[in-house]
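Close look at the chain arrangement
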Amino acid sequence: MESQLAKSTEERTFQYQDSLPSLPVPSLEESLKKYLESVKPFANEEEYKKTEAIVQKFQNGIGEKLQKKLLERAKGKRNWLEEWWLNVAYLDVRTPSQLNVNFAGPAPHIENYWPPKEGTQLERGSICLWHVLNYWQLLRKEKIPVQKVGNTPLDMYQFRMLFATCKVPGITRDSVMNYFRTESEGYCPTHVAVLCRGRVFIFDVMHKGCLVTPPEILRQLTFVQKKCHSEPDGPGIAALTSEERTRWAKAREYLIRLNPENLTLLEKIESSLLVYSLEDGSPHVTPEDYSQVTAEILTGNPTVRWGDKSYNLISFSNGVFGCSCDGSEKVREIPLPEELVFTVDEKVLNDINQAKAQYFMQASDLQLVVYAFTSFGKKQTKKKQLHPDAFIQLALQLGYYRLHGRPGCCYETAMTRYFYHGRTETMRSCTVEAVSWCQSMQDPSTSLSERQHKMLEAFAKHNKMMKDCSAGKGFDRHLLGLSLIAKEEGLPVPELFTDPLFSRSGGGGNFVLSTSLVGYFRIQGAVVPMVHNGYGFFYHIRDDRFLVSCTAWKSCPETDAEKLVQQVFCAFHDMMQLMNIAKL
């Protein structure tokens, strides 16, 4: 690998894919040991002993057999988890994708380029879309730099799924259609879909071998907007993508039976590079408060979102996204956008209305806040030799503990991109050490130096776990693999997975805190909670601030996203004060 890197004068985006190591299968003994440790915060002594016995029985019995079968599977696959994870986490899920699965967030340009301003939607949108299309071209030419940690390349496969990719609904399992190809691989679609007021248009972004310019994109978007604002709204076929998956699959089949031409139109949308959404709203947004715009993006009009597309670019009337560039103002004679007019009947219109009704009902139940903490950021935590990600995760543990009076089982996304087609691993941030520290913070008799000592122990544990997970030594995906082997073999569900402590500690997708670091750049987004009595908590880290988004369901009387964020912000201050006392 090192010699490859040294010899390469110009690296191609996907050049290291074939030389990445295979995803390892962790040791059964180590995984079960880590699992037992992770359930401790949620069990009394009697419950823990019972689970300990169940784990021991699993390790010496069926677990050993399942491990052998998993190792056999791994011999024939460079990533033994990939297909399973895609199915279990995404394609088999029947809940509506648009709100329950999709990640959504605002572009950050209001902070340093374009503050909200009415009348700028199309102009800014054309420039923003042009930049996105430039990125698509760079990807086609494999000019996007390989992401690395030090000199070690990371898996870049996920970049292939960014453009010209769509999920297609199935009765019991969805499928993914990926039309993206690099230039060396051959043809790739070159059109985008534009959604506006329930109608769908497409236009080609290449003309005579060249990418269209921002003024040419502006012409196309202006045509679409004028047409939609001067004529009746369309039926809003896109709203069907916000439905429960099986209902959407049946509605799609009916559409195709109604008129085979409908399939051609659907495939034009599904194969498009991306969907560009023209929204009529003007959500409020400031650099300190992204709540309203994020809510609009996550829960906005379903007739101008294609919930199955890998990329929806959404623009609002007040132009809250975009960036700047230069280019010729000359507009060539390029074909105007083509409208995709579906054949519909009363049943299709009823299906659309039903989809919209269920979507708006669920969307209205979502509480979402996105605030910036501006007292300090990464710079200050690193000065104190504290990892900023662990800093936020421990503040969240303390905030949840103070608000609810108990530990919160927590899913944090860990990266496994050192490995072929590696994606993520679960890191359980609610550790014994974190809980011990939270308890000390609530106990007036605990000295400041003891609190500091316990906090630093919790940091050390968090950092070690993250390192293990990234090195393929996590245990949650391993346990999932063992349970799926049992299912494929037609064996009864092992007791390990039916033990109440398994789900109480977060197993089986029952984490009350669903969290992820979205990066160290100006990117922010939000997801809904994993469980009804839980929270979605995403954050990004900058030198001078932390930006956090938090979601909860209004119908759950226990949870309050606003209160949790305020508790987390208080915890930030308390933690920094602890670090300002003399070191032990």
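Residues numbered from 1 in each chain as written. Predicted model: local features only at pLDDT ≥ 70, side-chain atom pairs only at ≥ 80, totals over all residues. Heavy atoms only, no water.

The name an unreviewed UniProt entry gives the protein chain is Peroxisomal carnitine O-octanoyltransferase, with Sus scrofa as the organism. Per UniProt, the protein chain has the following entry under Pathway (unreviewed entry): "Lipid metabolism; fatty acid beta-oxidation." The heading Sequence similarities (unreviewed entry) in the UniProt record of the protein chain holds the text "Belongs to the carnitine/choline acetyltransferase family." (UniProt positions renumbered as here; feature names shortened; annotations may be inferred.)

1. Looking at the overall build of the protein chain
Helix and strand content of the protein chain: 20 helices and 17 strands. For a compact globule of 584 residues, the expected C-alpha radius of gyration is about 25 Å, and the protein chain comes in at 25 Å, within 12% of that figure. Across its three principal directions, the C-alpha atoms of the protein chain cover 75 × 60 × 55 Å. When the accessible surface of the protein chain is summed, it comes to about 25,300 Å², and 52% of that surface belongs to carbon and sulfur atoms. The average position of the 69 basic charges and that of the 68 acidic charges among the side chains of the protein chain differ by 3 Å. (Helix = DSSP H or I, 4+ residues; strand = E, 2+ residues; numbered from the N terminus. Rg over C-alpha atoms; globule rule 2.2 N^0.38 Å. Areas by Shrake-Rupley, 256 points an atom, 1.4 Å probe, with all protein chains shown as cover. Lys, Arg positive; Asp, Glu negative; His and termini not counted. Charge placed at Lys NZ, Arg CZ, Asp CG, Glu CD.)

2. Section: the layout of surface pockets
There is about 330 Å³ of room inside the second largest pocket. The wall of the second largest pocket is formed by 21 residues, among which Lys34, Glu37, Lys461, Met465 and Phe475 lie closest to the centre. Looking at the lining of the second largest pocket, its residues break down into six nonpolar, four polar and 11 charged. (1 Å grid on protein atoms, 1.4 Å probe; cavity = no way out; pocket = protein on both sides within 12 Å on 5 of 7 lines; lining within 4 Å. Points joined across faces, edges and corners; volume = space filled by probe spheres on them. Nonpolar A, V, L, I, M, F, W, Y, C, P; charged D, E, K, R; others polar.)

3. Looking at the sheet that holds strand β9 (residues 275-278)
The mixed open sheet is built from five strands, whose spatial order is β10-β9-β5-β6-β11. Bordering the open sheet on either side are β10 (312-315) and β11 (338-339), each of which pairs with just one other strand. Here four bridges tie β9 to β10, and the two strands are oriented parallel to one another. Among the inter-strand pairings, Leu278 is bridged to a residue of β10, identified as Ser315. (Pairing = 2+ DSSP bridges.)

4. A few points about a nonpolar patch on the surface
On the surface, Tyr520, Phe521 and Ile523 cluster together to form a nonpolar patch covering roughly 320 Å² of accessible area. In this fold, Ile523 is placed in the loop between β15 (513-519) and β16 (535-541). (Patch = residues over 30% accessible without salt bridge, like charges linked within 9 Å, V, L, I, M, F, W, Y side chains within 5 Å. Salt bridge = Lys/Arg side-chain N within 4 Å of Asp/Glu carboxyl O.)

5. Remarks on the pattern of salt bridges
Inspection of every chain in the model, using the stated rule, returns 33 salt bridges. Ionic pairing is found between Asp280 and Arg197, a salt bridge with its closest N-O pair at 2.9 Å. One end of the pair, Asp280, is in the loop between β9 and α11 (291-299); the other, Arg197, is in the loop between β5 (191-196) and β6 (199-204), with 83 residues separating them in the sequence. For Arg197, a relative accessible area of 25% puts it in the partly exposed group. Note that Asp308 is salt-bridged to Arg245, the shortest N-O span being 2.8 Å. Here Asp308 is found in the loop between α11 and β10, whereas its partner Arg245 is found in helix α9 (residues 245-258), with 63 residues between them in sequence. Exposure remark for Asp308: the relative accessible area of 5% places this residue in the buried category. A relative accessible area of 0% means that Arg245 is categorised as buried. Within this structure, Arg94, Asp174, Arg245 and Asp308 form a network of salt bridges that share partners. (Buried < 20%, exposed > 50% of the residue type's maximum accessible area, 1.4 Å probe, protein only.)

6. Observations regarding the domain arrangement of the protein chain
Here the domain parsing of the protein chain yields domain 1 (28-78 + 374-582) and domain 2 (96-144 + 160-364). When each unit is reduced to the centre of its C-alpha atoms, the spacing between domain 1 and domain 2 is 35 Å. Residue-level contacts link 14 residues of domain 1 with 17 residues of domain 2. Summing the contributions of domain 1 and of domain 2, the shared interface buries around 1,200 Å²; its carbon and sulfur component is 59%. Of all residues in domain 1, Arg522, Ala526 and Val528 bury the most surface against domain 2, accounting for 39% of the area lost on that side. (Domains from an automatic or database assignment. Contact = heavy atoms within 4.5 Å. Buried area = accessible area lost by both parts, 1.4 Å probe.)

7. Overview of the sheet that holds strand β12 (residues 366-373)
What the six strands build is an open sheet, ordered β12-β17-β16-β15-β13-β14; its pairing is mixed. Single-partner strands in this sheet number two, and they are β12 and β14 (424-428). Adjacent strand axes in the sheet meet at a mean angle of 25°, parallel and antiparallel pairs treated alike. (Axes fitted to C-alpha atoms, helices over the stretch in contact; angles between N-to-C directions.)

8. A look at unusual backbone geometry
Despite not being glycine, Arg197 has its phi angle at roughly 45°, a positive value. Within the chain, His421 stands out as a residue other than glycine whose phi angle is a positive 55°. Along the polypeptide, His421 turns up in the loop between β13 (410-415) and β14.

9. Some points on the packing of helix α16 (residues 448-470) against helix α20 (residues 561-579)
Contact pair α16 / α20: the axes reach a minimum separation of 9 Å and the direction vectors enclose 110°. When the axes of α16 and α20 are compared, the pair comes out roughly perpendicular. Where α16 approaches α20, its residues Leu448, Arg451, Gln452, Met455, Leu456 and Phe459 are matched on the opposing element by Met575, Leu578 and Met579. (Parallel < 35°, antiparallel > 145°, perpendicular 65-115°, else oblique.)

10. Topic: the pairing of strand β17 (residues 546-553)
Burial analysis of β17 places eight of its eight residues in the buried class, which makes it a mostly covered element. Sheet topology note: the β12/β17 ladder contains eight bridges and is antiparallel. Among the inter-strand pairings, Leu366 is bridged to a residue of β17, identified as Trp553. Sheet analysis places β16 next to β17, joined by six bridges and oriented antiparallel.

11. Side note on helix α14 (residues 388-404)
Relative to the 24 Å expected for 17 residues at 1.5 Å per residue, α14 spans 24 Å between its end C-alpha atoms, a close match to the ideal helical length. Of all 17 residues in α14, 15 are buried; the element is thus mostly enclosed. Gly405 occupies a position one or two residues after α14 and carries a positive phi of about 75°. (Expected span 1.5 Å × (residues − 1).)

12. Focus: the packing of aromatic side chains
Applying the stated rule across the entire model yields 22 aromatic pairs. Plain terms: the ring middles of Phe376 and Phe391 are 5.9 Å apart, the flat faces sit at 75° to each other, and that makes the pair edge-to-face. Of this pair, Phe376 sits in the loop between β12 and α13 (378-383) while Phe391 is found in helix α14, placing the two residues 15 residues apart along the sequence. Judged by its relative accessible area of 0%, Phe391 falls in the buried class. Three or more aromatic residues joined by ring pairs form one cluster here, namely Phe373, Phe376, Phe391, Phe546, Phe569 and Phe572. Positioned over the ring face of Phe14 is Arg160, at 5.2 Å from the centre of the ring. Over the face of the ring belonging to Trp85 we find Arg477, whose NZ or CZ atom lies 3.8 Å from the ring centre. (Phe/Tyr/Trp six-rings, centres within 6.5 Å; stacked < 30°, edge-to-face > 60°. Lys NZ or Arg CZ within 6 Å of the ring centre and 35° of its normal.)

13. Section: the nonpolar core
Of all hydrophobic cores here, the largest spans 81 residues; its most connected members are Phe391, Trp437, Leu496 and Phe572. With 11 residues, α20 is the single largest residue contributor to this core. Setting aside chain neighbours within four positions, we find Trp437 in contact with Leu394, Leu398, Arg451, Lys454, Met455, Met575 and Leu578. Counting residues in hydrophobic clusters, the runner-up holds 36 residues, among them Phe14, Val205, Ile217 and Ile334. (Core = buried A, V, L, I, M, F, W, Y, C linked by side-chain atoms within 4.5 Å.)

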